[in-house]
Amino acid sequence: MSDVEVVGIGQRPVNRRQRLVKTLWIGIWLAYLSAPVTDLLHGGHSTGVRILGWLGLAAFVTWYMLLVFRTGRGERNALVLGSLGVLAAQSTLLALTLGREWLVLFVYVSIASGAALPLRVARWTIPGTCALLTAVALAVPGGHFYLASLLIPALLGGFAMTGVRELVRTTIALREARATVAQLAANEERLRLARDLHDLLGHSLSLITLKSELAGRMLPARPDEAAQQVADIEQVSRQALVDVREAVTGYRRPRLNAELAGARVALTAAGVTAALPAEPGLAGVPEVSESALAWALREAVTNVVRHSGARHCSVELLRRQTLDGPVLELTVEDDGSGGPGTGHGNGLTGLTERLTKAGGTLEAGPLKHGFRLVARVPTAGPADVGSPA
């Protein structure tokens, strides 16, 4: 069958063809009404009784189909109980007036109870329907011969439909949960992309701005040095384009050694005296931890260059042993005016999220003269204490 024709469990029909398919599936079980139909055709009833019998059977089937068709839609129990009461009354009236062949209607009342009511209510209405079936069968001539063959289908069919109802409700809940997970994944991807672009472009554009200002000041008197600054701008621009492309595709994982080299260039271009560690040994450091620290270094240096007005900046990279295990600690400290304000901006907020995902922590705040950022990530290697160059 085509997608247009298939109706999944727990899904509402969305067009005429799907409604028809669902109606046919439910209507298959009406084949067991052959006994009342045969009674109307060959039971020897008068014309008036036949007309009333056909009207009563049509009303019963319509009411039954409406109840079962709307299984799992969460109607109020009082409304469903009222509808089931109407079905039970119709079954009783038709069986008492037309004969024992009509006792089969109580099986459909039991099935409708299981399909339309929660289990805590259906566990009472299904036995109640069976009790009413028993009472009517004993009151109808010859009804006790039909009793045994109808009680078991009524009980089993009713409680089987409670399972079908729970399956429908569970399927609906799972489908909604899957949609929620997909939405959360999309939101997480948007946040990741926003963080990457902020960190990448903020750093690169700050460096381009600094070198553009330097080139502008050098142009009249030192054209060769200005040309070198322009060449650096071109190189930074090309690398920024590569980084943005990698960030968009999700493959961007910055390396700490590369970020240390980039930090030296950015701080020097901004006229900040930098104390940076030598190329660190990263044995035992997970890739996700190294990447988180690289982003932390990039964000910290970007804030020093753009916001602090600092003259000196020191970077330390140390291994420490803590109660939670070995960690790699990055400290960036400057003597500027206090960094990006008193609160955390978008950069530090995104950085906190990155470190948290890597199992690390971030501490950032103003000093008496300057600003300090400390980022820690877990490592798998032995803890030893290092020092900055």
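In this text the structure is predicted, and so the values were computed from the model without any measurement. (Residues numbered from 1 in each chain as written. Predicted model: local features only at pLDDT ≥ 70, side-chain atom pairs only at ≥ 80, totals over all residues. Heavy atoms only, no water.)

K.L.:
Just checking my understanding: could you explain the overall build of the protein chain for this structure?
P.N.:
A tally of helices and strands in the protein chain yields eleven helices and five strands. Expressed as a percentage of its 389 residues, the buried residues of the protein chain come to 42%. (Helix = DSSP H or I, 4+ residues; strand = E, 2+ residues; numbered from the N terminus. Buried < 20%, exposed > 50% of the residue type's maximum accessible area, 1.4 Å probe, protein only.)

K.L.:
Help me understand a nonpolar patch on the surface, please; the structure alone is not making it clear to me.
P.N.:
Taken together, the side chains of Ile51, Leu52 and Leu55 make up a nonpolar region of the molecular surface, amounting to roughly 330 Å² of accessible area. Mapped onto the fold, Leu55 is located in helix H3 (residues 47-69). In this structure Leu55 comes out as exposed when scored by relative accessible area, which is 55%. (Patch = residues over 30% accessible without salt bridge, like charges linked within 9 Å, V, L, I, M, F, W, Y side chains within 5 Å. Areas by Shrake-Rupley, 256 points an atom, 1.4 Å probe, with all protein chains shown as cover. Salt bridge = Lys/Arg side-chain N within 4 Å of Asp/Glu carboxyl O.)

K.L.:
What is the right way to look at the UniProt feature "transmembrane region" (unreviewed entry) in the protein chain in this model?
P.N.:
The residues that UniProt annotates with the feature "transmembrane region" (unreviewed entry) are residues 20-37, 49-66, 78-96 and 102-119. As a span, residues 49-66 carries 100% helix and 0% strand, and end to end its C-alpha atoms are 26 Å apart. Within residues 78-96, the helical portion is 100% and the strand portion 0%, while the C-alpha atoms at the span's ends are 27 Å from each other. (UniProt positions renumbered as here; feature names shortened; annotations may be inferred.)

K.L.:
Any chance you could explain the pattern of salt bridges here in plain terms?
P.N.:
Pairing is possible between side chains of opposite charge, provided their charged atoms come close. What the rule picks out here adds up to seven salt bridges. Across the pair Arg255 and Glu287 runs a salt bridge whose closest N-O atoms are separated by 3.3 Å. Of this pair, Arg255 sits in the loop between helix H8 (223-249) and helix H9 (256-269) while Glu287 is found in helix H10 (residues 287-308), placing the two residues 32 residues apart along the sequence. Given a relative accessible area of 40%, Glu287 falls into the partly exposed group. For Arg320, the salt bridge identified is with Glu329, shortest N-O distance 3.0 Å. Residue class for Glu329 comes out buried when judged on its relative accessible area of 7%. Among the ionic contacts, a cluster of salt bridges with common partners joins Arg320, Glu329, Glu363 and Arg376.

K.L.:
Any chance you could explain the packing of H9 against H10 here in plain terms?
P.N.:
Relative placement of two packed helices is described by the angle separating their axes and the distance separating the axes. The geometry of H9 relative to H10 is characterised by a closest axis approach of 9 Å and an angle of 5° between their N-to-C directions. Taken together, H9 and H10 sit at an angle that is classed as roughly parallel. Across the interface between the two elements, Leu256, Glu259, Leu260, Ala263, Ala266 and Leu267 of H9 pack against Glu290, Leu293, Ala294, Leu297, Arg298, Val301, Val304 and Val305 of H10. Split into classes, the residues belonging to the contact of H9 with H10 amount to eleven nonpolar, no polar and three charged. (Axes fitted to C-alpha atoms, helices over the stretch in contact; angles between N-to-C directions. Parallel < 35°, antiparallel > 145°, perpendicular 65-115°, else oblique. Contact = heavy atoms within 4.5 Å. Nonpolar A, V, L, I, M, F, W, Y, C, P; charged D, E, K, R; others polar.)

K.L.:
Sorry if this is basic, but what is going on with the confidence of the model for the protein chain here?
P.N.:
Low-pLDDT stretches of the model should not have their predicted coordinates read in fine detail. Residues with a pLDDT of 70 or more make up 84% of the protein chain, whose mean pLDDT is 78. No element of the protein chain has a lower mean pLDDT than helix H1 (residues 16-27), at 67, and none a higher one than strand E5 (residues 370-378), at 91. Within the model, pLDDT remains below 50 along residues 1-10, and this stretch shows 18 contacts once partners closer than five positions in the same chain are excluded. Every residue in residues 382-389 scores below 50 in pLDDT, and together they form 17 contacts with partners more than four places removed in sequence or on other chains. (pLDDT = per-residue confidence, 0-100.)

K.L.:
Looking at this model, I keep getting lost on the sheet that holds strand E2 (residues 312-322). Mind explaining?
P.N.:
Two modes of strand pairing occur in sheets, parallel and antiparallel, and in both the strands are linked by backbone hydrogen bonds. Spatially, the five strands line up as an open sheet ordered E1-E2-E3-E5-E4, and their pairing is mixed. Looking along the sheet, the strands with just one partner apiece sit at the ends: strand E1 (273-275) and strand E4 (361-367). Looking at each pair of strands side by side, their axes are set apart by 15° on average, direction ignored. The sheet contact formed by E1 and E2 spans three bridges and is parallel. In the sheet register, Ala275 faces E2, and the bridge partner there is Ser314. (Pairing = 2+ DSSP bridges.)

K.L.:
What is the right way to look at the pairing of E4 in this model?
P.N.:
On a regular strand, each side chain points to the face opposite its neighbour's, so the side chains alternate between the two faces of the sheet. Pairing between E4 and E5: seven bridges, direction antiparallel. Bridge assignment links Leu367 to a residue of E5, and that residue is Gly370.

K.L.:
Sorry if this is basic, but what is going on with H9 here?
P.N.:
Every α-helical turn comprises 3.6 residues, leaving residues that sit three or four positions apart pointing alike. Here H9 spans 20 Å end to end across 14 residues, near enough to the 20 Å set by a 1.5 Å rise per residue. All of the buried residues along H9 are Leu256, Glu259, Leu260, Ala263, Ala266, Leu267 and Ala269. (Expected span 1.5 Å × (residues − 1).)

K.L.:
Even after reading the chapter, I still don't get the packing of aromatic side chains, so can you show me in this structure?
P.N.:
For any pair of aromatic rings, the description rests on two quantities: the centre-to-centre distance and the angle between the ring planes. Applying the stated rule across the entire model yields one aromatic pair. Summarising the aromatic geometry, the rings of Tyr64 and Tyr108 are spaced 5.3 Å apart at their centres and angled 85° between planes, so their arrangement reads as edge-to-face. Placement of Tyr64 in helix H3 and of Tyr108 in helix H5 (residues 105-116) is noted, with a sequence separation of 44 residues between them. Given the relative accessible area of 3%, Tyr64 is considered buried. On the basis of relative accessibility, which here comes to 3%, the residue Tyr108 falls in the buried class. The ring of Trp295 carries Arg354 above its face, with NZ or CZ at 4.1 Å from the centroid. (Phe/Tyr/Trp six-rings, centres within 6.5 Å; stacked < 30°, edge-to-face > 60°. Lys NZ or Arg CZ within 6 Å of the ring centre and 35° of its normal.)

K.L.:
I keep staring at the packing of helix H4 (residues 77-98) against helix H6 (residues 119-139) and nothing clicks. Help me out?
P.N.:
Where H4 contacts H6, the two axes come as close as 11 Å, and the packing angle between them is 15°. In terms of orientation, H4 lies roughly parallel with respect to H6. Viewed along their axes, H4 and H6 form a crossing whose handedness is right-handed. Across the interface between the two elements, Asn77, Leu81, Ala88, Thr92, Ala95 and Leu96 from H4 touch Arg120, Val121, Thr125, Leu132, Val136 and Ala139 from H6. Residue composition of the contact of H4 with H6, by class: eight nonpolar, three polar and one charged. (Left-handed = near helix turned anticlockwise from the far one by under 90°.)

K.L.:
Would you take a moment to explain H4 for this structure?
P.N.:
For H4, built from 22 residues, the straight-helix expectation of 32 Å at 1.5 Å per residue is met to within 8% by its first-to-last C-alpha distance of 31 Å. Where H4 is concerned, the buried positions are Val80, Ser83, Leu84, Leu87, Ala88, Gln90, Ser91, Thr92, Leu94, Ala95 and Leu98. Backbone geometry just after H4 places Gly99 at a positive phi near 125°.

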